[in-house]
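Spelled out from the first residue to the last, the chains are:
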Amino acid sequence: MKDAGYKTDLTFSLCDVEDEEKENALYEHSEKLAITFWLISTPPGTPIRITKNLRVCDDCHNATKIISRIIGREIIARDANQFHHFKDGFCSCGDYW
């Protein structure tokens, strides 16, 4: 993901720890874990659907755009405010939510 342009946004890690630990905490956000699970448990080309009861953070939003471009799958995420439809590195919300 880093080769594709992903850079963690440490402002979304609310822990009072070193930057490396903040970065590791961001890797464990529920959206990223859900996408990883779907990737290892579904055949290629299957759309990925995620539902969560909180608003998606900007770091996860950016990561999901990059993941959709890398893996070539649609990712549909429902957060507390709206649906996000990620495809080919873009989101249906136009990065405004």
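Read on for an overview of the structure. (Residues numbered from 1 in each chain as written. Predicted model: local features only at pLDDT ≥ 70, side-chain atom pairs only at ≥ 80, totals over all residues. Heavy atoms only, no water.)

### A look at the sheet that holds strand β2 (residues 75-78)
Now for step 1: What the 4 strands build is an open sheet, ordered β1-β2-β3-β4; its pairing is mixed. Unpaired on one side and paired on the other, β1 (48-51) and β4 (90-91) mark the two borders of the sheet.
Now for step 2: As judged from the 2 bridges shared by strand β3 (residues 83-87) and β4, these two strands associate in the antiparallel manner. Residue pairing in the sheet places Phe86 in a bridge with Cys91 of β4.
Now for step 3: Across the face of the sheet, helix α2 (residues 30-41) comes into contact with β1 and β2 while running at roughly 150° to β1.
Now for step 4: Where helix α3 (residues 58-71) meets the sheet, it contacts β1, β2, β3 and β4, and its direction lies at approximately 35° from that of β3. (Pairing = 2+ DSSP bridges. Helix = DSSP H or I, 4+ residues; strand = E, 2+ residues; numbered from the N terminus. Contact = heavy atoms within 4.5 Å. Axes fitted to C-alpha atoms, helices over the stretch in contact; angles between N-to-C directions.)

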